[in-house]
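The lines below spell out each chain.
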Amino acid sequence: MIARVDLALLVFCTLALAAIISTKFATRFGLPALVLFVGLGVFAGSDGPIGIQFDDYTLAYNIGIVALATILFSGGLETKMRLFRTALVPASMLATLGTAVTMIVIGLFAWWLTPLDLVTSMLLGAVISSTDAAAVFTSLKGRGLPAKLRGVVETESGANDPVAILLTVALAVAATSGTFDLGGILIGIVVQLAVGAVCGVLMGRAIVWLVNVVKLDSFGLYPILGLVGGLLTFALTNIVGGNGFLAAYFAGLVMANSRLAHRYNITSFAEAAAWGSQILMFLVLGLLVDPSELLVTVPVALLITAVVIFLARPIAVVGTLGLLRVVSLERYTFTPAEQALLSWAGLKGAVPIILAIVPLSLGVPGATYIFNVIFVVVIVGTILQGFTIGPLAQRLGLAVTEPPKSPLRLELGGDAPIGSSVLDVYLGADSRAVGVSIVDLGLPEDIVIAAVL
């Protein structure tokens with residue numbers, strides 16, 4: 001007799017294996033991996049051949065929240081401080097004012113296009129107002145985006161979650177109780193962002209100190225120590241009233257730009273955990289969907305998708321960055337082409353789908369309709385933008401040539417000196433090192449060439 005746990009493990013591992021292999025297809029054809037992961041979840045769901053019955057929205061929400069924290073922590077570990085500083089101000093404006101403008105534009109059109117009332121329409125706008133870290137971090141890699149613009153979009157995706165979450169919760173409460181506290185929302189946004197940033201920096205430094213000072217017998221524990229530290233930062237910050245997502249991102253950012261022992265192992269493990277979190281999160285979200293209910297909302301959802309991509313996001317980007325240019329006395333200036341690419345790179349993803357669970361849990365009238373519309377908008381928008389972001393960057397003359405990924409990876413084993421790391425350096429045809437003997441390169445004494453491929 002087959003045990004239920006064995007059968008469940010067999011199904012989950014088979015789906016996970018298919019999801020992992022599908023990333024090769026996604027990378028080759030520019031299709032965002034999240035679409036494939038969700039598709040596998042729908043395939044395994046109640047209307048699919050496997051027929052898994054899953055409707056635990058609370059569990060799905062909790063899985064999504066922890067997964068997003070892991071993804072943001074890993075994203076922080078991959079961010080350079082120089083790029084972050086350059087992108088911080090415009091990204092912060094887009095994450096706050098831009099998110100609010102996006103919500104209002106979408107909400108007004110949803111009020112016109114759907115049977116929802118004004119408050120519930122604004123709730124739909126709030127749910128889909130933020131960009132998604134998982135979609136941004138994975139979909140923009142290797143797509144030729146300039147570092148300046150990629151830094152803005154990535155930083156924005158790590159900072160706009162608290163705004164979207166507070167707006168969603170407040171409007172969901174308003175839809176059920178009729179009360180809306182605008183002052184409380186504004187104060188909450190400021191407090192959560194400030195506390196989240198401070199906690200993230202402090203905890204990031206504490207994790208760096210702990211990794212560098214504690215001498216563990218098993219080197220395999222250091223990556224776990226780093227990831228546990230990132231999730232601890234997320235949970236502790238939420239408990240003290242800050243935003244855990246921003247704190248996790250900042251903790252990873254501080255670690256990435258500090259003298260950190262076992263850096264590569266910690267970063268690689270966090271990246272693997274982020275991919276695993278994406279697979280689990282999107283499979284679970286796919287299981288929640290009833291395809292037969294989605295078909296009813298497709299016409300309206302397609303119209304709202306057009307509003308999100310071609311109207312709401314461009315208005316938010318152009319208006320916000322235009323205001324920033326005036327206030328900063330033209331210190332922060334983006335060309336029309338750069339603004340167009342920033343508008344198109346505002347990918348949606350798991351965050352709107354997860355936030356769409358909030359109205360369901362609070363019993364908001366029309367919550368199921370909102371969830372189905374949001375699901376279609378996210379999938380269609382992600383496919384459209386994911387396929388075209390690279391060609392658009394080339395068409396706008398903004399694409400940059402990224403060096404090929406090294407087929408060889410060397411790692412520092414054992415107790416390597418703190419701050420040491422292995423760097424892959426790509427030598428193009430125009431590099432001054434080409435044709436020069438290693439002895440004549442004039443490298444500092446603490447740099448060692450370990451391999452030439």
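The shown structure was predicted, so the numbers you read here are calculated from the model rather than taken from an experiment.

## Some words on a nonpolar patch on the surface
Side chains of Val 436, Ile 438, Leu 441, Leu 443, Ile 447, Ile 449 and Val 452 sit close together on the surface and give an oily, nonpolar patch of about 580 Å² of accessible area. By the secondary structure assignment, Ile 447 is in the segment after helix H17 (367–395).

## Observations concerning the environment of Phe 84
In this fold, Phe 84 is placed in helix H4 (residues 81–113). Judged by relative accessible area, Phe 84 falls into the buried class, the value being 6%. Placed 328 residues apart in sequence, Phe 84 and Leu 412 show a C-alpha to C-alpha distance of 27 Å. Beyond its immediate chain neighbours, meaning those up to four positions away, Phe 84 contacts Thr 79, Thr 155, Tyr 249, Phe 250 and Leu 253.

## Considerations on helix H13 (residues 291–327)
Its 37 residues place the ends of H13 only 47 Å apart at the C-alpha level, less than the 54 Å of an ideal helix rising 1.5 Å per residue. The axis of H13 is deflected most strongly, by about 55°, at Val 298, and proline Pro 299 appears within four residues downstream. Directly after H13, the chain includes Leu 329, whose backbone phi takes a positive value near 55°.

## What about helix H7 (residues 147–159)?
Helix length check: H7 (13 residues) gives 18 Å between terminal C-alpha atoms against 18 Å at 1.5 Å per residue, within 8%. For H7, the buried fraction is high: ten of the 13 residues fall into the buried class. Taken together, the buried positions of H7 are occupied by Leu 149, Gly 151, Val 152, Val 153, Glu 154, Thr 155, Glu 156, Ser 157, Gly 158 and Ala 159.

## So, the packing of helix H8 (residues 161–177) against helix H9 (residues 182–213)
Running from N to C, H8 and H9 cross one another at 150°; their axes reach a closest spacing of 10 Å. If you check the angle between H8 and H9, you find them roughly antiparallel. Crossing angle aside, the handedness with which H8 passes H9 is right-handed. Between H8 and H9, the residues in contact are Pro 162, Val 163, Leu 166, Leu 167 and Ala 170 and Ile 185, Gly 188, Ile 189, Gln 192 and Leu 193, respectively.

## What to know about the packing of aromatic side chains
A full pass over the atoms with the stated rule returns ten aromatic pairs. Relative to Phe 282, the ring of Phe 37 lies with its centre 6.5 Å away and its plane at 40°, an arrangement referred to as tilted. Of this pair, Phe 37 sits in helix H2 (residues 33–44) while Phe 282 sits in helix H12 (residues 263–288), and the two are 245 residues apart along the sequence. This pair shows no difference in class: Phe 37 is buried, exactly as Phe 282 is. In this structure, Lys 148 is placed above the aromatic ring of Phe 334, and the distance from its NZ or CZ to the ring centre is 4.4 Å.

Basis of the calculations
- Residues numbered from 1 in each chain as written.
- Predicted model: local features only at pLDDT ≥ 70, side-chain atom pairs only at ≥ 80, totals over all residues.
- Heavy atoms only, no water.
- Patch = residues over 30% accessible without salt bridge, like charges linked within 9 Å, V, L, I, M, F, W, Y side chains within 5 Å.
- Areas by Shrake-Rupley, 256 points an atom, 1.4 Å probe, with all protein chains shown as cover.
- Salt bridge = Lys/Arg side-chain N within 4 Å of Asp/Glu carboxyl O.
- Helix = DSSP H or I, 4+ residues; strand = E, 2+ residues; numbered from the N terminus.
- Buried < 20%, exposed > 50% of the residue type's maximum accessible area, 1.4 Å probe, protein only.
- Contact = heavy atoms within 4.5 Å.
- Expected span 1.5 Å × (residues − 1).
- Bend = angle between axes of the 7 residues up to and from the residue.
- Axes fitted to C-alpha atoms, helices over the stretch in contact; angles between N-to-C directions.
- Parallel < 35°, antiparallel > 145°, perpendicular 65-115°, else oblique.
- Left-handed = near helix turned anticlockwise from the far one by under 90°.
- Phe/Tyr/Trp six-rings, centres within 6.5 Å; stacked < 30°, edge-to-face > 60°.
- Lys NZ or Arg CZ within 6 Å of the ring centre and 35° of its normal.

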